[in-house]
Amino acid sequence: MSALRSVIDFAIGDAQAEKAVPPTGFTVRLTVFSAAAMAFLVVFALALSLAAGRLADRWGDELARSATVRISAPVEQMAAQTEAALNVLSTTEGVENARALSIDEQRDLLAPWFGSELPLDALPLPQMIEVIETAQGFDGDGLRLRLSGEVPGAVLDNHASWRVPLVSAASSLRMLGWISIILIALATGAMITLAANAALAANAQVIAVMRLVGARDSYIAQAFMRRFTLRALTGAAVGTVLGGVALLFLPSASEEGGFLTGLGLQGGHWLLLLLIPILAAAVAFLATRLAARNTLRSLT
């Protein structure tokens, strides 16, 4: 109850003490603007980090259990080698399903690079076979030996050579997003500290008078902490709303767009935006407290 009472008293404030805090001026604009701008950036850093996390999970889940068999053979042998490869795969332990991709499916795979009108019938393209593993997986080395003996034109690719770097890159991007949020919080604290120091120094005479009538430094500091905390809360709320609206205009997730789409927030992640103004207020509270303690000590 005492903690709740302290929060209520802090929110209500003291009109006499807050006379020492300038209600207008560049420190007010600096605090509100910096909090709004930083909150706006945090929205996008958060969205980027969460999107990168979803991408890493999707790549890890989808590609970990998939493989591809590529068959390069003369046209007259393509059907026979494809059938032989499918027979090998159907009798391989750890293979859940294997199927040859149709011409239309291969055209869809090549469309992002060569366009949708690519005449595949006239090109000597290899036949692709999609392989889905069971939870236990298969012996890649053993399967390669069987394919090399029974299907000379077959090449097995379990995607490991490029899946791992992609997942690692997405995970690094997620970490970069969180690091960016931390740096933005530190920059916000630095800006509010400068603004609080300037406000305290500009009102040195008022603070001196308050001390003469018996006001303690903690009483004076409380007024500055309350004002700057509420200003940061207001600015961050505005910046968060603007950032959330901007996210709504980003392209939605689609297979065609790949990583360039789906960068917004999804589902319950939108609730995380409610924490941004609260965290901004907490940063402002701590920064102003530090500034007030140091500046009031120097004004003694």
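Structure's up top.
Owing to the predicted nature of the structure, the values given are computational and were not obtained by experimental measurement.

(A) Broad picture of the overall build of the protein chain. Along its length, the protein chain carries nine helices and four strands. Listing every helix and strand of the protein chain by position from the N terminus yields α-α-β-α-β-α-β-α-β-α-α-α-α. Across the 300 residues in the protein chain, those meeting the buried criterion constitute 36%. Summing over all exposed atoms, the protein chain offers an accessible surface of approximately 17,100 Å²; the carbon and sulfur share of this is 66%.

(B) Focus on the packing of helix α7 (residues 204–212) against helix α8 (residues 217–248). Orientation of α7 relative to α8, taken along the N-to-C sense of each, is 140°, at an axis distance of 10 Å. Taken together, α7 and α8 sit at an angle that is classed as oblique. The crossing of α7 and α8 is right-handed. Contact residues: α7 offers Ile207, Met210 and Arg211, while α8 offers Asp217, Tyr219, Ile220 and Phe224.

(C) Main features of the environment of Ala215. Along the chain, the position of Ala215 falls in the loop between α7 and α8. Setting aside chain neighbours within four positions, we find Ala215 in contact with Met210 and Ile220.

(D) Looking closely at the side chain of Thr82. Looking at the secondary structure, you find Thr82 in helix α3 (residues 75–90). Beyond its immediate chain neighbours, meaning those up to four positions away, Thr82 contacts Ile71, Ala100, Gln127 and Ile129.

(E) Focus on the sheet that holds strand β2 (residues 95–100). One open sheet holds the four strands; their spatial order is β2-β3-β1-β4, and the pairing between them is antiparallel. Looking along the sheet, the strands with just one partner apiece sit at the ends: β2 and β4 (154–157). Strand after strand, the sheet turns through a mean of 20° between neighbouring axes, direction not considered. Looking at chain direction, strand β1 (residues 66–71) and strand β3 (residues 127–133) are connected through six bridges and run antiparallel. Its bridge partner lying in β3, Ile71 is registered against Gln127.

(F) Main features of a nonpolar patch on the surface. A surface patch of nonpolar side chains, amounting to about 620 Å² of accessible area, comprises Met175, Trp178, Ile179, Ile182, Leu183 and Leu186. Tracing the backbone shows Met175 in helix α6 (residues 160–202).

(G) Examining the pairing of β1 more closely. Of all the six residues making up β1, five are buried; the element is thus mostly covered by neighbouring parts of the structure. As defined by bridge partners, β1 adjoins β4 across four bridges and the pair is classed as antiparallel. In the strand pairing of β4, Val69 is matched with Leu156.

(H) How the structure looks around the pattern of salt bridges. Scanning all chains against the criterion turns up one salt bridge. With a shortest N-O distance of 3.2 Å, Glu130 and Arg99 are connected by a salt bridge. With a gap of 31 residues between them, Glu130 in strand β3 and Arg99 in strand β2 connect regions that are remote in the sequence. Under the relative-accessibility criterion, Glu130 is labelled partly exposed at 30%. Arg99 gets classed as partly exposed once you look at its relative accessible area, which sits at 33%.

(I) Structural detail: the nonpolar core. One finds Ile192, Leu200, Ile207, Ile220, Phe224, Phe228 and Leu296 to be the most contacted residues of the largest nonpolar core, which totals 20 residues. Among the secondary structure elements, those contributing two or more residues to this core are α6, α7, α8 and α9 (275–298). With six residues, α8 is the single largest residue contributor to this core. By size, the runner-up hydrophobic cluster in this structure holds 17 residues, among which are Leu89, Val131, Leu147 and Leu156.

(J) A look at the environment of Ser90. Looking at the element boundaries, Ser90 is found in helix α3. For Ser90 and Val131, which are 41 residues apart along the polypeptide, the C-alpha to C-alpha distance reads 9.9 Å. Within the local environment of Ser90, its side chain forms a polar contact with the backbone oxygen of Asn87, the two atoms lying 2.8 Å apart.

The rules we used
Residues numbered from 1 in each chain as written. Predicted model: local features only at pLDDT ≥ 70, side-chain atom pairs only at ≥ 80, totals over all residues. Heavy atoms only, no water. Helix = DSSP H or I, 4+ residues; strand = E, 2+ residues; numbered from the N terminus. Buried < 20%, exposed > 50% of the residue type's maximum accessible area, 1.4 Å probe, protein only. Areas by Shrake-Rupley, 256 points an atom, 1.4 Å probe, with all protein chains shown as cover. Axes fitted to C-alpha atoms, helices over the stretch in contact; angles between N-to-C directions. Parallel < 35°, antiparallel > 145°, perpendicular 65-115°, else oblique. Left-handed = near helix turned anticlockwise from the far one by under 90°. Contact = heavy atoms within 4.5 Å. Pairing = 2+ DSSP bridges. Patch = residues over 30% accessible without salt bridge, like charges linked within 9 Å, V, L, I, M, F, W, Y side chains within 5 Å. Salt bridge = Lys/Arg side-chain N within 4 Å of Asp/Glu carboxyl O. Core = buried A, V, L, I, M, F, W, Y, C linked by side-chain atoms within 4.5 Å. Polar contact = N/O pair within 3.5 Å; in protein donor to acceptor, adjacent residues only side chain to side chain.

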